[in-house]
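Chains, contacts and geometry: an overview
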Amino acid sequence: MRNWMIVFLMLLVYTGIQSCSVNKVAYSPNKKYPKEALQNDFKLLRTILEKKHPSLYWYTPKDSMAFYFDTFFALIRDSMNEQQFTWNVLAPMVDKIHCGHTAVSSSKAYRKWAVGKRLPSFPLYLKVWNDSMAVLANLNPKDSIFKRGTLVTSVNGIKNVDQINHFFNYLPEDGYANSVNYIRLSGNYPYFHRNIYGLSKQYRVTYLDNVGIERSATVPLFSPKRDTSKKTTKEKPAKQLQPKVENLLRYRSLDIDSSKKYAVMTINTFNKGRLRTFFRKSFREMKKQQINNLVLDIRNNGGGRVMWSTLLTKYISRHPFKVSDSTYAIARGLGKYSRYVKGGFFNNIEMFFISSKRKDGNYHVGLLENKLYKPKSNHHYNGSVYVITSGPTFSASSLFCNVVKAQDGITLVGEETGGGWHGNSGIMIPDIKLPNSKTRVRLPLFRLVQYKHVSKNGTGVIPDMHVGTNYEALVKGYDYKMMVVRDLILNK
């Protein structure tokens with residue numbers, strides 16, 4: 001009996017080794033998936049969205065959404081590789097939902113393959129705002145024309161405004177708050193241009209010269225000198241461990257100006273950074289040093305856990321508040337689609353315990369709807385607060401902005417938030433993993449309507465004082481929004 005057990009275990013080990021060696025096939029971005037497989041992925045995604053997405057028809061009527069589903073399904077006429085399926089079919093379809101938390105991303109295998117690779121691309125990084133574009137960097141260092149600050153007016157004959165509008169058809173947003181998409185384009189214009197417009201051997205770029213005359217020039221495709229798609233035997237450098245303090249500063253920081261007239265608190269996320277301790281120590285220190293002006297910089301805060309944005313609100317808000325007027329899902333779980341959703345089993349458990357069915361047939365999170373939060377009594381900040389916002393101010397950050405806006409002594413400065421002012425969909429946002437292409441689509445499970453919400457007009461939270469892109473600051477590389485707020489404080 002023992003001998004049979006040993007043989008059985010050896011067979012299991014052998015089978016495991018064999019299956020690992022067979023399944024471990026190098027990823028190729030050029031691999032094409034059969035038309036039928038991609039159609040099945042699309043049909044599955046459509047079904048899950050229709051049955052589980054809480055805001056599928058919030059900004060797009062049901063009949064219009066059905067038209068878009070049919071239109072993009074019809075584009076699957078032949079086999080496609082993953083990126084073609086992602087960018088030509090899924091991304092523009094998902095954009096029609098107008099939900100900033102519903103977004104398409106590449107498979108885990110593609111992302112792993114792409115790490116560290118410099119792929120051929122349009123050579124200019126551009127700052128994009130309104131209908132303007134200016135050069136931030138040039139991948140062709142010998143180019144004497146397109147230096148930082150050069151104003152671009154068209155690429156391959158397509159004017160700026162037409163390019164921007166076309167890009168926006170592929171990028172998700174809450175309602176119509178495309179402020180976040182200007183920042184996305186500015187962060188990696190070559191990436192989006194490559195995936196949306198494709199590659200050209202040369203690009204015809206029109207620009208304004210130093211006296212404002214429009215001229216044109218041809219720039220070559222940027223191609224890495226060596227083929228980075230091939231594996232190399234070169235050893236990877238040892239991973240450098242960041243000191244804990246420096247790592248935490250990436251997430252949040254507090255700097256008290258030497259004049260003691262103001263402090264700058266930067267919060268880049270509501271997910272990490274030991275925020276409870278940070279808030280307690282920071283507000284205690286500002287009270288001790290009698291700092292009467294606080295600059296709260298949440299321009300790059302894409303959100304995170306509502307409990308941390310709520311905690312910050314309690315330190316700042318002048319009166320009691322709620323998180324939302326309503327927060328609900330249209331189903332209490334993912335049902336038979338759980339196996340296609342990352343963490344589906346645990347999401348089902350959490351949804352069961354945090355929500356309950358109401359008369360409207362939806363499953364509400366009573367804690368977020370009913371609990372009235374009171375401002376902190378200990379170390380509450382009573383001085384003037386200047387909240388700097390921008391397009392990436394999203395999700396939980398927009399909840400904070402909505403509550404504190406228009407309160408005495410609190411001023412929102414900067415640009416419209418990317419997070420919807422009326423509300424957004426989120427709370428729990430797992431990934432749908434499509435079984436054939438392995439492409440992923442984020443699926444928010446709850447709709448949240450803001451506390452004392454404004455009408456559903458599709459905007460983000462509008463600042464009290466708009467401060468947009470400043471061309472001189474862009475060229476010289478200084479923080480214009482921070483400079484404006486600093487001057488407001490010093491010139492009181």
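Residues numbered from 1 in each chain as written. Predicted model: local features only at pLDDT ≥ 70, side-chain atom pairs only at ≥ 80, totals over all residues. Heavy atoms only, no water.

**So, the overall build of the chain**
A tally of regular secondary structure across the chain gives 16 helices and 22 strands. Here the C-alpha atoms of the chain give a radius of gyration of 25 Å, agreeing with the 23 Å that 2.2 N^0.38 yields for 492 residues. Expressed along its principal axes, the backbone C-alpha trace of the chain runs to roughly 80 × 65 × 55 Å. Carbon and sulfur atoms form 53% of the exposed surface of the chain, whose accessible area is close to 25,600 Å². The average position of the 74 basic charges and that of the 34 acidic charges among the side chains of the chain differ by 9 Å. (Helix = DSSP H or I, 4+ residues; strand = E, 2+ residues; numbered from the N terminus. Rg over C-alpha atoms; globule rule 2.2 N^0.38 Å. Areas by Shrake-Rupley, 256 points an atom, 1.4 Å probe, with all protein chains shown as cover. Lys, Arg positive; Asp, Glu negative; His and termini not counted. Charge placed at Lys NZ, Arg CZ, Asp CG, Glu CD.)

**Digging into the pattern of salt bridges**
Under the defined criterion, the tally for this structure stands at 12 salt bridges. Between Lys159 and Glu214 there is a salt bridge, with the nearest N and O atoms lying 3.8 Å from each other. With Lys159 in strand E7 (residues 158-159) and Glu214 in strand E9 (residues 214-220), the pair connects residues that are 55 residues apart, well separated along the chain. Given the relative accessible area of 43%, Glu214 is considered partly exposed. Of the charged contacts, one joins Lys405 and Asp464 as a salt bridge, the two residues approaching to 2.8 Å between their closest N and O atoms. On the criterion of sequence distance, the pair formed by Lys405 in the loop between helix H14 (396-404) and strand E17 (410-414) and Asp464 in the loop between strand E21 (446-450) and strand E22 (465-466) is long-range, its members being 59 residues apart. Bridged by salt links that share partners, the residues Arg46, Glu50 and Asp70 form one connected network. (Salt bridge = Lys/Arg side-chain N within 4 Å of Asp/Glu carboxyl O. Buried < 20%, exposed > 50% of the residue type's maximum accessible area, 1.4 Å probe, protein only.)

**A few points about the pairing of E17**
Among the five residues of E17, four are classified as buried, and the element is accordingly described as predominantly covered. Where strand E16 (residues 384-389) and E17 come together, five bridges link them in parallel fashion. Each bridged residue has a counterpart across the sheet, and for Thr389 the counterpart in E17 is Gly414. Where the polypeptide runs from E16 across H14 and back to E17, its parallel neighbour, the crossover connection is right-handed. Across two bridges, the pairing between E17 and E22 is parallel. Along E22, the bridge assignment pairs Gly414 with His466. (Pairing = 2+ DSSP bridges. Right-handed = clockwise from strand over helix to strand, strands pointing away.)

**Examining the packing of aromatic side chains**
Any pair of aromatic rings gets described here by the distance separating the centres and the angle formed by the planes. A full pass over the atoms with the stated rule returns 24 aromatic pairs. Consider the rings of Phe352 and Phe353, whose centres lie 5.3 Å apart with planes at 90 degrees: the pair is edge-to-face. Since its relative accessible area comes to 64%, Phe353 is described here as exposed. Ring pairs connect the aromatic residues Phe122, Phe167, Tyr189, Tyr197 and Tyr203, which therefore count as one cluster. (Phe/Tyr/Trp six-rings, centres within 6.5 Å; stacked < 30°, edge-to-face > 60°.)

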